[in-house]
Amino acid sequence: MNIQTALNKASKILRNSSSGTPKLDSEILLSKVVKKNRQYLILNFDHELKKENIKLFNFLLERRKKGEPIAYLINKKEFWKKNFYINKDVLIPRPDTELLVEETLKLFNANSKLSILDIGTGSGCILLSILDERKNFFGTGIDISKKAINVARFNAKMHQLRNRTKFYNSDIDKFLIGKYDLILSNPPYIKQEDLKYLEKDVKDFEPKLALDGGKDGFSEVKKVIGKTSMLLKKNGKFILEIGFRQKNRILSILKRNNFFINKVIKDYGKNDRCIISTKI
Ligand SMILES: C[S@@+](CC[C@H](N)C(=O)[O-])C[C@H]1O[C@@H](n2cnc3c(N)ncnc32)[C@H](O)[C@@H]1O
């Protein structure tokens, strides 16, 4: 079978699944299989595929057909300016989360020297993207999932940032190490009863630990804010990602914990997504 026939067949298979982009998905998966970019596929339509590659392609297509996200199938997701290694142990980085990186870079110039903490680091995408842009920052990432910490460490090594990072496998409730100039967090913030309404790709494949915000969606956020008020230096900044319609309640929790609110930022969908505050 040549590349063109394989891609046509694959698009047909995925057209009857939840994939909204069957042609693109087929090209991405075949690129992964033949270890070449998509341009190569288009330019070599009549190239015959090896038997073992057809077998592997079919295996990936079957998984995609069942809804498994592309990022888990190719073990890769682009975030900010880099590719990150991703597997089913970590949340797939979202474009809206890039706001946390963008706001940090606006607040601190290239000469700043800061110690930063990322709570619920997952793949390490937020922390590592910032460290890559700010050579004098030192970063600590913590996560309750040991497997997620392994992924974050792997990404730090891949991006040559291991010497400026420390990772701990810990529940934020039990973490007491260090004092920080800046704390960032994208905690789990989805109400338990709303988990079942998430897209199939998310609810069936992404780690519950990364999504589940407890009964009212605020249980992890409250822990993160309480602990941040202890670990952040005076006048230190706190940048927090929040969920849909959580702004007002979180602003009052922050104020109660002695944070001054600097600004609330909307995401690309015009929803309140990120709060910047200062410990007073
Ligand atoms: C929404 S994900 C964010 C992952 C990554 N920072 C990102 O933005 O893509 C939340 C992360 O918090 C971690 N987590 C959940 N509860 C935690 C807790 N109590 N203490 C520390 N980490 C926690 C999860 O394992 C998950 O990796």
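Here the structure is a predicted model, which is why all the values come from computation and not from measurement. (Residues numbered from 1 in each chain as written. Predicted model: local features only at pLDDT ≥ 70, side-chain atom pairs only at ≥ 80, totals over all residues.)

1. Topic: the domain arrangement of the chain
Step number 1: The domains assigned to the chain are domain 1 (3-67) and domain 2 (79-279).
Step number 2: Using C-alpha coordinates to define each centre, domain 1 is positioned 34 Å away from domain 2. (Domains from an automatic or database assignment.)

2. Considering unusual backbone geometry
Step number 1: Of note in the backbone geometry, Trp 80 takes a positive phi value of approximately 50° without being a glycine.
Step number 2: Here Trp 80 lies in the loop between strand E1 (77-79) and strand E2 (82-84).
Step number 3: The exposure class of Trp 80 is buried, given the 20 C-beta atoms found within 10 Å.
Step number 4: With a phi angle near 65°, Lys 270 is a residue other than glycine that sits in the positive phi range.
Step number 5: Secondary-structure assignment places Lys 270 in the loop between strand E8 (259-266) and strand E9 (272-279). (Helix = DSSP H or I, 4+ residues; strand = E, 2+ residues; numbered from the N terminus. Buried ≥ 20, exposed ≤ 12 C-beta atoms within 10 Å, placed from the backbone.)

3. Thoughts on the site of the ligand
Step number 1: As a structural note, the neighbourhood of the ligand is formed by 23 residues, with Gly 120, Gly 122, Ile 172, Asn 186 and Ala 210 the closest of them.
Step number 2: Those elements giving two or more residues to the shell around the ligand turn out to be helix H7 (125-133), strand E4 (138-143) and helix H10 (219-231).
Step number 3: Broken down by class, the residue content of the shell around the ligand amounts to 12 nonpolar, seven polar and four charged. (Near = placed C-beta within 6 Å. Nonpolar A, V, L, I, M, F, W, Y, C, P; charged D, E, K, R; others polar.)

4. Re the nonpolar core
Step number 1: Counting 66 residues, the largest nonpolar core has Leu 30 and Ile 183 as the members making the most contacts within it.
Step number 2: If you tally residues by element for this core, the top one is H7, at six residues.
Step number 3: Each of domain 1 (3-67) and domain 2 (79-279) gives at least three residues to this core.
Step number 4: Apart from residues no more than four positions distant in its own chain, Ile 183 is found in contact with Leu 117, Ile 119, Thr 228, Leu 231, Leu 232, Gly 236 and Phe 238. (Core = buried A, V, L, I, M, F, W, Y, C linked by C-beta atoms within 7 Å. Contact = placed C-beta atoms within 7 Å.)

5. Things to note about the environment of Tyr 168
Step number 1: One can find Tyr 168 in strand E5 (residues 165-169).
Step number 2: Exposure remark for Tyr 168: the 15 C-beta atoms within 10 Å place this residue in the partly exposed category.
Step number 3: Counting along the chain gives 43 residues from Tyr 168 to Leu 211, while the straight-line C-alpha distance between them is 20 Å.
Step number 4: Leaving out residues up to four positions away in the same chain, Tyr 168 has contacts with Ile 142, Phe 175 and Ile 177.

6. Thoughts on the pairing of strand E6 (residues 180-185)
Step number 1: Most of E6 sits inside the fold, with five of its six residues counted as buried.
Step number 2: As defined by bridge partners, strand E3 (residues 115-119) adjoins E6 across four bridges and the pair is classed as parallel. From the neighbouring strand, Ile 119 faces E6, where its bridge partner is Ser 185.
Step number 3: When E6 meets strand E7 (residues 232-241), the two strands line up parallel, connected through five bridges. When the bridges of E7 are listed, Leu 184 appears paired with Ile 239. (Pairing = 2+ DSSP bridges.)

7. A closer look at the packing of helix H6 (residues 98-107) against H7
Step number 1: Between H6 and H7, the shortest axis-to-axis distance is 9 Å and the interhelical angle comes to 30°. When the axis of H6 is compared with that of H7, the two are roughly parallel. Our pair here, H6 against H7, has a crossing hand that is right-handed. Each of Leu 100, Val 101, Thr 104 and Leu 105 in H6 lies in contact with H7, whose residues at this interface are Ile 126, Ser 129, Ile 130 and Glu 133.
Step number 2: Class assignment of the residues belonging to the contact of H6 with H7 gives a composition of five nonpolar, two polar and one charged. (Axes fitted to C-alpha atoms, helices over the stretch in contact; angles between N-to-C directions. Parallel < 35°, antiparallel > 145°, perpendicular 65-115°, else oblique. Left-handed = near helix turned anticlockwise from the far one by under 90°.)

8. Details of H7
Step number 1: Counting buried positions along H7 yields seven of nine residues, so the element is predominantly enclosed.
Step number 2: Among the residues of H7, those classed as buried are Cys 125, Ile 126, Leu 127, Leu 128, Ser 129, Ile 130 and Leu 131.

9. Side note on helix H4 (residues 51-65)
Step number 1: Its 15 residues give H4 an end-to-end C-alpha distance of 21 Å, which sits within 8% of 21 Å, the value for a rise of 1.5 Å per residue.
Step number 2: Among the residues of H4, Phe 57, Leu 60, Leu 61 and Arg 64 are the ones counted as buried. For H4, the angular spread of buried residues about the axis comes to 105°, placing them on one side. Facing away from the buried surface of H4 by more than 90 degrees, the exposed residues are Lys 51, Glu 52, Lys 55 and Glu 62.
Step number 3: Buried residues belonging to H4 abut helix H1 (3-15), helix H2 (22-34) and helix H5 (70-74).
Step number 4: Positive backbone phi, at 105°, marks Gly 67, one or two positions downstream of H4. (Expected span 1.5 Å × (residues − 1). Arc of directions from axis to C-beta.)

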